[in-house]
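# Chain and residue survey
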Amino acid sequence: MSYATAPVENLSAAELDQLCINSIRTLSIDAVQQAKSGHPGTPMALAPLVYTIWNRVLRFDPQNPIWPNRDRFVLSNGHASMLLWSALHLTGVQAVNADYETLGTASVSLDDIRRFRQFDSKAPGHPEYHWVSGVETTTGPLGQGVATSVGMAIAQKWLANRFNRPEFEIFDYSIYAVCGDGCLMEGIASEAASLAGHLGLDNLCWIYDNNHITIEGNTRIAFTEDVQTRFIAYGWNVLRVGDANDTDRIEQALEVFRKTKGRPTFIVLDSHIGYGSPHKQDTSAAHGEPLGDDEVRLCKKAYGWPEDAKFLVPDGVYGHFNAGIGKRGAEARQKWMELFESYRAQYADLAVEIEVMQKRELPTGWDRNLPVFPADPKGIAGRDASGKTLNVLAQNIPWFLGGSADLGPSNKTTLTFQGAGDFQADSPGGKNLHFGIREHGMAATVNGLALSKLRAFGASFFIFSDYARPAIRLAALMELPSLFIFTHDAMGDGEDGPTHQPVEHLISLRAIPGLITLRPGDANEVVEAYRYIMQLRHQPAVLVLSRQALPTLDRGKYAPAAGVSQGAYVLADASGGIPEVIIIATGSEVSLAVEAHEKLLSEGIRSRVVSMPSWEIFEQQSRAYRESVLPPNVTARVAVEQASTFGWERYVGTSGQVVGMNTFGASAPLKELQRKFGFEPDHVVAVAKEQLANSGNGNR
Ligand SMILES: Cc1ncc(C[n+]2csc(CCOP(=O)(O)OP(=O)(O)O)c2C)c(N)n1
Ligand SMILES: [Mg+2]
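Attention in this report is confined to the structure presented alongside it. Model, not experiment: these values are computed from the prediction.

Another aspect to go through is the sheet that holds strand β19 (residues 581-585). Overall, mixed pairing links the five strands, which are arranged β18-β20-β19-β21-β22 in an open sheet. The sheet terminates laterally at β18 (569-572) and β22 (657-661), the two strands that pair on one side only. The sheet shows a mean angle of 25 degrees between the axes of neighbouring strands, direction not considered. Inspection of the sheet shows β19 paired to strand β20 (residues 607-611) by five bridges, in the parallel sense. Directly across from I582, in β20, lies its bridge partner R608.

Hydrogen bonding along the main chain pairs the strands of a sheet, whether they run parallel or antiparallel. If you trace the five strands from one edge of the open sheet to the other, you get β1-β4-β5-β9-β8, paired in parallel fashion. Where the open sheet ends on each side, the last strands, each with one partner, are β1 (72-75) and β8 (237-241). Here the average twist between neighbouring strands, direction ignored, is 20 degrees. In the sheet, β8 pairs with strand β9 (residues 265-270) via five bridges, with the strands oriented parallel. Among the inter-strand pairings, V241 is bridged to a residue of β9, identified as L269.

The environment of ligand 1 is made up of 15 residues, and the closest members are T42, H79, G182, N211 and H287. Contact between ligand 1 and I213: an oxygen atom at 2.8 Å from a main-chain N or O atom of the residue. Burial of ligand 1 by the protein chains amounts to 74% of its free accessible area of 590 Å². Across the shell around ligand 1, the residue classes break down as five nonpolar, eight polar and two charged.

Taken together, the protein ligands of the magnesium ion (ligand 2) are D181 (OD), N211 (OD1) and I213 (O), with distances of 2.1 Å. Taken in chain order, the donor set of the magnesium ion (ligand 2) reads D-x29-N-x1-I. In this pair, D181 is assigned in helix α6 (residues 181-185) and I213 in strand β6 (residues 213-214), connecting sequence segments 32 residues apart. A relative accessible area of 9% means that I213 is categorised as buried.

This brings us to the nonpolar core. The tendency in soluble globular proteins is for nonpolar side chains to be buried side by side. Counting residues in each nonpolar core, the largest one holds 233 residues, and the members touching the most others are W54, F73, W85, L184, W206 and F266. Ranked by the residues each element gives to this core, the list is headed by helix α5 (residues 144-163), at 11 residues. In contact with F266, other than residues within four places in its own chain, are L184, W206, Y208, V227, F231, W236, N237, V238 and L239.

Take the pairing of strand β14 (residues 483-487) next. Counted residue by residue, β14 has five buried out of five residues, so it is predominantly covered. Bridge count for strand β13 (residues 455-461) against β14 is five bridges, and the pairing is parallel. Counterpart to F461 in the pairing with β14 is T487. Handedness of the β13-helix α16 (residues 469-478)-β14 crossover: right-handed. The pairing of β14 with strand β16 (residues 541-544) spans four bridges and is parallel. Residue pairing across strands places F486 opposite V544, the latter belonging to β16.

A separate point is the packing of helix α7 (residues 187-199) against helix α8 (residues 227-234). Interaxial distance between α7 and α8 falls to 8 Å at its minimum, and their mutual angle equals 45 degrees. In terms of orientation, α7 and α8 fall into the oblique class. Each of S190, A193, S194, G197 and H198 in α7 lies in contact with α8, whose residues at this interface are R230, F231 and Y234. Tallied by class, the residues present in the contact of α7 with α8 amount to three nonpolar, four polar and one charged.

The periodicity of an α-helix, 3.6 residues per turn, causes residues three or four places apart in sequence to face the same way. Over its 23 residues, helix α1 (residues 13-35) extends 33 Å from the first C-alpha to the last, a length consistent with the 33 Å expected when each residue adds 1.5 Å. Positive backbone phi, at 55 degrees, marks K36, one or two positions downstream of α1.

About the cut-offs
Residues numbered from 1 in each chain as written. Chains lettered and ligands numbered in written order. Predicted model: local features only at pLDDT ≥ 70, side-chain atom pairs only at ≥ 80, totals over all residues. Heavy atoms only, no water. Pairing = 2+ DSSP bridges. Helix = DSSP H or I, 4+ residues; strand = E, 2+ residues; numbered from the N terminus. Axes fitted to C-alpha atoms, helices over the stretch in contact; angles between N-to-C directions. Near = heavy atom within 4 Å. Polar contact = N/O pair within 3.5 Å; in protein donor to acceptor, adjacent residues only side chain to side chain. Areas by Shrake-Rupley, 256 points an atom, 1.4 Å probe, with all protein chains shown as cover. Nonpolar A, V, L, I, M, F, W, Y, C, P; charged D, E, K, R; others polar. Donors = N, O, S within 2.8 Å, 3.2 Å for Na, K, Ca; no water. Buried < 20%, exposed > 50% of the residue type's maximum accessible area, 1.4 Å probe, protein only. Core = buried A, V, L, I, M, F, W, Y, C linked by side-chain atoms within 4.5 Å. Contact = heavy atoms within 4.5 Å. Right-handed = clockwise from strand over helix to strand, strands pointing away. Parallel < 35°, antiparallel > 145°, perpendicular 65-115°, else oblique. Expected span 1.5 Å × (residues − 1).

Below is the structure:
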């Protein structure tokens, strides 16, 4: 009789291990076969690894997958998602809702696995944070998971520094991330690994599935570097386990990780993709397609599994996971809860802070002392107003921190108040992160911090948002309140020229669902933008700021900057009825629009200026409000934005005009560029008049 169908009491410990491992393998194989789509090979190879981490090592309570001090498990090679769905299912992880309540149902049921990759199944194609409880971060775009894990590791260090007290190790968790060749080929992983090595993040362990296979075949065609030496050079502790089936060796290596101080650990795990498949093992054929019915039977035979059984979880498997991770996790959490109660008795304020943070709420007084900028025609740069606001917020919100990709002095994101400090290996309480010139790694790291419930920002020049975009997109997909601050928003750095002048960036970020893009028009709009952003709990924001000084508008004369919270608002209007022409502007072009408006008024033309810092926020307003700002019957409209004209038809209509950019700009002093590209009051006035003449709905 096969061990797979034997009475559980007859099984040796080794057989029980094998039973669990092969359950992961066969569930993965069956799910992919049933879906006729997916990646069976890597789950077949890494089942022993996942089994070992989850059942022997991970401090994680399946009953409460959001317990703050849990170890984190990241599957960076997200195509191998069946590993995670199997683990979440077999360990009985419970579902949690958006209000952080456990629902009393399985996170991933066997039925979900049967419906792998189908609509509404909790076993989608790739791990999706926010959709499936127990997924720590969304992965699939290779490299993102490992990079995000660096943010999680920084967060643990920071949290430990802030909250741990003698006898109270409130935060002492570890982060495990599994990755493949693809992750390690991607640049983002190199950025993140370099940063992790520099910071000596000894709470971080990456396990590299060294199978020499990617989609096009053997890695000898494109990836022949010495990965181990590379990680040694980054300052990591590098270990190697020569056989992915050797669970004891894997466990030992993980033990070495936990004892290693002062550097992260990189475990090279030599594996065979499609392990057990007589015809597909060690080939790319095992990577991304179902094995086929015949091969499935042969694999099951090789595993000593009933060949015809499908989605079989033999007796004893659930129980064995329950006795392993279930028991260990429940005990660990129970102990922690008790610890936390005595912590609360001694450190009430800190305990409250932890609880507020876990719910993504803000501490009382978070917006006190926010600056108010007096009217000033010379004004102040968006980045400077931002720097002042950030420094207030970061004092009011202890867990609000961040940094720049080496442009802190230029982005004005450096936190300069007493005690802000730098985050380094020997100063893990610092609030200034130095990401180095690694925008992509930075953005993923910010996501890792946000996943750990910190409020975090990363900064660079707006032009380099492209370098961070995949992680910004993931922040939106994950519904994380990450903040990305980008300065030098348009042609303000004139002489730097086209390589430094963003054009298509605004519209391309506006195209990301769920992302809030804000381009405030003066210093007070910057403050209001922050006020809006800080209250976001499930949406990322991109804040786009000017390098150059912008006039601070007289809010006695014009509408209050609080209108920012509606995305767009009537900033300046004509008296005597509905406007004849509307000028819509964002950011540095708002004061230009106001100047043009004043000229039009002086000529007796009823113009209106709409400041529109955020399309997305405006779209969330009621139709009545939107139509009060942009009355449908006023068709003479001009949009002014130093960026691609693409998309503005949405607000100016097909008959409207856009004063914008259709080229990459040029290298010249800003004033000259403004003249050349038409960002001057007289030009805007001329375009407005043209609109009036053409629209036929003006009075003249
Ligand atoms: C950024 C990115 N580029 C390309 C892909 C498409 N893709 C998915 S898996 C894969 C091959 C990955 O190889 P490896 O990481 O070695 O995984 P293995 O086949 O060994 O499981 C590729 C190119 C992706 N998911 N993400
Ligand atoms: Mg591979």
